[in-house]
Amino acid sequence: MTAAFFPGLMSAAESATEPGLLKGPLHDLHARLGARFVGFGGFEMPVQYSSIKEEHEAVRTHVGLFDVSHMSNLRIEGPGAEALLSRTTVSDAAKLKVGRGVYTAVLRDDGTILDDTIFYRMADDSFYLVPNAGLNEAVRAALEAHADDVEGDVTVTDVSRATCIFALQGPDAPAVLKAAGADVPDTPPFRIHEAQVDGAVCQVATTGYTGETGYELFVSEERGPEVFEALLDAGKVHGIEPVGLGARDTLRLEMGFALAGNEFEGGRTPLEAGLGWAVKWDHDFVGKEALVRQKETDDHDRLVGLELSGRGIARHGYAVLDGSGQQVGIVTSGTLSPSLDTAIALAYVRPGQAAPGTEVAVDVRGRPVAATVAKTPFLKRS
Amino acid sequence: MAEVPDDLKYSRSHEWVRVKDGIATIGITDHAQNELTDIVYVELPNEGDSFEQEDEFGVVESVKSVSELYLPVTGEITAVNTELENKPELINESPYDKGWLVKVKLEDESELDGLMTPNAYLSLTGN
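Just so it is clear, the structure is predicted and the values come from calculations on it, not from any experiment.

Basis of the calculations
- Residues numbered from 1 in each chain as written.
- Chains lettered and ligands numbered in written order.
- Predicted model: local features only at pLDDT ≥ 70, side-chain atom pairs only at ≥ 80, totals over all residues.
- Heavy atoms only, no water.
- Helix = DSSP H or I, 4+ residues; strand = E, 2+ residues; numbered from the N terminus.
- Rg over C-alpha atoms; globule rule 2.2 N^0.38 Å.
- Buried < 20%, exposed > 50% of the residue type's maximum accessible area, 1.4 Å probe, protein only.
- Contact = heavy atoms within 4.5 Å.
- Areas by Shrake-Rupley, 256 points an atom, 1.4 Å probe, with all protein chains shown as cover.
- Lys, Arg positive; Asp, Glu negative; His and termini not counted.
- Charge placed at Lys NZ, Arg CZ, Asp CG, Glu CD.
- Pairing = 2+ DSSP bridges.
- Buried area = accessible area lost by both parts, 1.4 Å probe.
- Salt bridge = Lys/Arg side-chain N within 4 Å of Asp/Glu carboxyl O.
- Polar contact = N/O pair within 3.5 Å; in protein donor to acceptor, adjacent residues only side chain to side chain.
- Nonpolar A, V, L, I, M, F, W, Y, C, P; charged D, E, K, R; others polar.
- Core = buried A, V, L, I, M, F, W, Y, C linked by side-chain atoms within 4.5 Å.
- Patch = residues over 30% accessible without salt bridge, like charges linked within 9 Å, V, L, I, M, F, W, Y side chains within 5 Å.
- Domains from an automatic or database assignment.
- Axes fitted to C-alpha atoms, helices over the stretch in contact; angles between N-to-C directions.
- Parallel < 35°, antiparallel > 145°, perpendicular 65-115°, else oblique.
- Left-handed = near helix turned anticlockwise from the far one by under 90°.
- pLDDT = per-residue confidence, 0-100.

Visitor: Sorry, what's going on with the overall build of chain A here?
Guide: Looking only at helices and strands, chain A has 10 helices and 21 strands in total. On C-alpha atoms alone, chain A measures out to a radius of gyration of 21 Å, which is about the 21 Å that the 2.2 N^0.38 rule sets for 382 residues. Considering chain A as a whole, with its 382 residues, one finds that 57% of them fall into the buried category. When contacts within chain A are restricted to residue pairs at least 6 apart in sequence, those whose partners lie at least 24 apart make up 66%. When the accessible surface of chain A is summed, it comes to about 15,400 Å², and 50% of that surface belongs to carbon and sulfur atoms. Separation between the mean location of the 34 positive side-chain charges and that of the 54 negative ones in chain A comes to 5 Å.

Encoded structure:
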């Protein structure tokens, strides 16, 4: 038996031999909690504690806690911060009020996605941007390259290593946060508040990557471990479980959320990735020209959901076939959905194959397995 | 600690072999199922298919990985554990019994001598 692990989820054996993997500030704590580790974005992170299915179920039915400190943190500050973010992302930072965040993308000149990210407005001249793991330097460079284009001074500071990020997710997340002593008002998604957990100052955002109610907490590296433990303690009565990257992947996939390393691999634009809704067209931004051209020709691949009806699981890199066996696309992520007990996948397909209900097949190791293009999220919420 | 029964032979690629009356029953080890965790899908050959030693004869998939299975002995498949089609988790729950994969009619019993003893397998897996 030889195992092939999927992109982003390197096997423990591989990661153990990869030099230079960073251990986050909670590494020892995770080990005590029974974590198995994988290499991800340059860090050795927990892939699972009990079992991916169990952790997935905990988040869907009650509550789970993730350490996602491998993600990056940039502070963009100064009178030119707003203009710089408008120039280097697909969002219009001028429209963002203090205390709010927006999902966005940083593009290359050719319109392809360098990273998808959220930025928050902390004060008039101060923003907080959360690039994906391992992309802090690339995103910072992309921002700094345009610092001279905008009026007003602006500094970009990388605080990735000084910051822990935890995601508290699931229907019981609000009760757990409250029990941990944090006074956070009941607000819609994409708000950010300052609150204290166990006496430690945290920035608490109403965001996540699971489709459930929940929060992402930003706290200093020094106070991180105790805050993580305080949240686990507060969640005990709710049956909280620590959750690894394995379940994080199945949870996001059921919602049809893109994972940077998978869905943007090889250079994909927001239009191809189904993120056109995030693009604000009435401002100038890096990559806009290429994007406008692509929008006009409208002949690009599209990221779609696939539900497999035959036996088999579609995996990253598998070909999508039409009725005559011709390749019309490629799978970027796939798994067996723990909530639906169905094989689901995200795939780029040619425009003619992208309508929901289109019958295709996935080449599973030489065997065509029937699949249907499906609307995402796969998991329909009431 | 992973279980390694005394009465079996083992391959480096984590399959086990139980021989009775010229028929070898094949599965994956407790160590392997524990490493893979939650097995969600199994693909096995058909009865009557023939394989050489170390040929790939199927795959097991967990939530996060696909793993190829290699036949530790040469021979014809005489039985397939069809129960795994709907209950792949049997491999996790009972790797040496209900989670067996295939039975093979042994062509060359001397191949068994090249497989690992329980002790050798224990030291391979670091127990």
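Visitor: Explanation requested: the overall build of chain B in the structure shown.
Guide: Across its full length, chain B carries three helices and nine strands. The order of helices and strands in chain B, counted from the N terminus, is β-β-β-α-β-β-β-β-β-α-β-α. Here the C-alpha radius of gyration of chain B, 13 Å, is about what a compact globule of 127 residues would show, namely 14 Å. Along the longest, intermediate and shortest principal axes, the C-alpha atoms of chain B span 35 × 35 × 20 Å.

Visitor: Looking at this structure, I do not really get the pairing of strand β9 (residues 126-130) of chain A. What am I missing?
Guide: Every regular strand shows the same layout, with side chains that alternate between the two sheet faces. Residues and elements named next belong to chain A. Of all the five residues making up β9, five are buried; the element is thus mostly covered by neighbouring parts of the structure. Side-chain alternation along β9 places Ser126, Tyr128 and Val130 on one buried face and Phe127 and Leu129 on a second face that is also buried. For strand β6 (residues 74-77) and β9, the ladder comprises four bridges, and the chain directions are antiparallel. The residue of β9 that forms the bridge with Ile76 is Phe127. The pairing of strand β8 (residues 113-123) with β9 spans five bridges and is antiparallel. Counted as the bridge partner of Arg121 is Phe127 from β9. Here β8 folds back onto β9 in antiparallel fashion, the turn holding two residues.

Visitor: Honestly, the interface of chain A and chain B in this entry has me stumped. Any pointers?
Guide: The parts lose accessible area when they come together, and the size of an interface is often stated as this lost area. Contact residues are listed per partner, giving 24 residues for chain A and 26 residues for chain B. Here chain A packs against chain B, burying approximately 2,200 Å² in sum over the two surfaces, 52% of which is carbon and sulfur. Measuring nitrogen to oxygen at the nearest pair gives 3.0 Å for the salt bridge that ties Glu43 of chain B to Arg365 of chain A. There are 15 residue pairs in polar contact (both at pLDDT 80 or more) connecting chain A and chain B. Elements with a minimum of two residues in the side of chain A that touches chain B: β1 (2-5), β4 (43-48), α3 (52-61) and β18 (327-336) of chain A. Of all the elements, β1 of chain A adds the most residues to the side of chain A that touches chain B, at four residues. When grouped by side-chain class, the residues that make up the side of chain A that touches chain B number 12 nonpolar, six polar and six charged.

Visitor: Could you clarify how one ought to interpret the nonpolar core in this entry?
Guide: Note on soluble globular proteins: their nonpolar side chains tend to be buried together. Residues and elements named next belong to chain A. By size, the foremost hydrophobic cluster in this structure holds 66 residues, and its most contacted members are Tyr120, Phe218, Phe264, Leu306, Val320, Val331 and Val362. Tallying contributions element by element places strand β19 (residues 343-349) first for this core, with seven residues. Each residue touching Leu306, except ones within four places of it in the same chain, is listed here: Val320, Ala343, Ile344, Ala345, Ala347, Val360, Val362, Thr372, Val373, Ala374 and Phe378.

Visitor: Hey, could you run me through a negative patch on the surface in this one?
Guide: Residue and element names in this part refer to chain B. Together, Glu52, Glu76, Glu107, Asp108, Glu109 and Asp113 make up a region of like negative charge exposed at the surface. Its location among the elements puts Asp113 in the loop between β9 (102-106) and α3 (118-124). The exposure class of Asp113 is exposed, given its relative accessible area of 63%.

Visitor: Explanation requested: the domain arrangement of chain A in the structure shown.
Guide: Residues and elements named next belong to chain A. Taken domain by domain, chain A consists of domain 1 (3-71 + 162-254) and domain 2 (74-158). The distance between the C-alpha centroids of domain 1 and domain 2 comes to 24 Å. Opposite the 14 residues of domain 1 that make contact, domain 2 presents 14 residues. Buried area between domain 1 and domain 2, summed over both chains or domains, comes out near 1,100 Å², and the portion from carbon and sulfur atoms is 67%.

Visitor: Could you clarify how one ought to interpret the environment of Ser11 of chain B in this entry?
Guide: Residues and elements named next belong to chain B. Relative to the helices and strands, Ser11 resides in the loop between β1 (9-10) and β2 (15-20). Look at Ser11 and you get buried, because its relative accessible area is 8%. Each C-alpha atom of the pair Ser11 and Leu115 lies 5.6 Å from the other, and the pair is 104 residues apart in sequence. With sequence-adjacent residues up to four places away left out, Ser11 is seen in contact with Pro72, Met116 and Tyr121. One polar contact links Ser11 to Glu15, side chain to side chain, over a distance of 2.6 Å.

Visitor: How do you make sense of the packing of α3 of chain A against helix α8 (residues 245-254) of chain A when you look at a structure like this?
Guide: Two quantities define a packed helix pair, namely the angle between the helix axes and the distance between the axes. Residue and element names in this part refer to chain A. Following both chains from N to C, one finds α3 and α8 inclined at 55°, their axes separated by 8 Å at the closest point. Taken together, the axes of α3 and α8 are oblique relative to one another. Crossing geometry of α3 relative to α8 is assigned as right-handed. Residue-level inspection shows Ile52, Glu55, His56, Val59 and Arg60 of α3 in contact with α8, the latter providing Gly246, Ala247, Thr250, Leu251 and Glu254.

Visitor: I keep staring at the sheet that holds strand β7 (residues 101-107) of chain A and nothing clicks. Help me out?
Guide: Note on sheets: strands pair through backbone hydrogen bonds, and any given pair is parallel or antiparallel. Residue and element names in this part refer to chain A. Pairing within the open sheet is antiparallel, and its five strands lie in the order β7-β8-β9-β6-β10. Each edge of the open sheet is held by one strand with a lone partner, namely β7 and β10 (155-158). Strand after strand, the sheet turns through a mean of 30° between neighbouring axes, direction not considered. Taken together, the seven bridges between β7 and β8 define a ladder with antiparallel strand orientation. Of the residues in β8, the one forming a bridge with Leu107 is Ile113.

Visitor: Any chance you could explain the confidence of the model for chain A here in plain terms?
Guide: Low pLDDT means the predicted atomic positions in that stretch should not be read closely. Mean pLDDT over chain A works out to 94, with 95% of the residues at or above the 70 mark. Residue range residues 10-17 of chain A is modelled with pLDDT below 50. Its contacts to residues more than four positions away, or to other chains, number 12 contacts.

Visitor: Looking at this structure, how should I read the pattern of salt bridges?
Guide: Pairing between side chains becomes possible if they bear opposite charge and their charged atoms approach one another. Residues and elements named next belong to chain A. Taken as a whole and judged by the stated rule, the model has 22 salt bridges over all chains. The salt bridge partner of Arg60 is Glu212, with a shortest N-O separation of 2.9 Å. Note that Arg60 is positioned in helix α3 and Glu212 in the loop between β13 (200-205) and β14 (214-220), a separation of 152 residues in sequence. The same class applies to Arg60 and to Glu212, which are both buried. Put simply, Asp92 and Lys95 hold a salt bridge, and the shortest N to O gap is 3.4 Å. Here the residues in one salt-bridge network are Arg268, Glu272, Asp299, Asp301 and Arg350, joined through shared partners.

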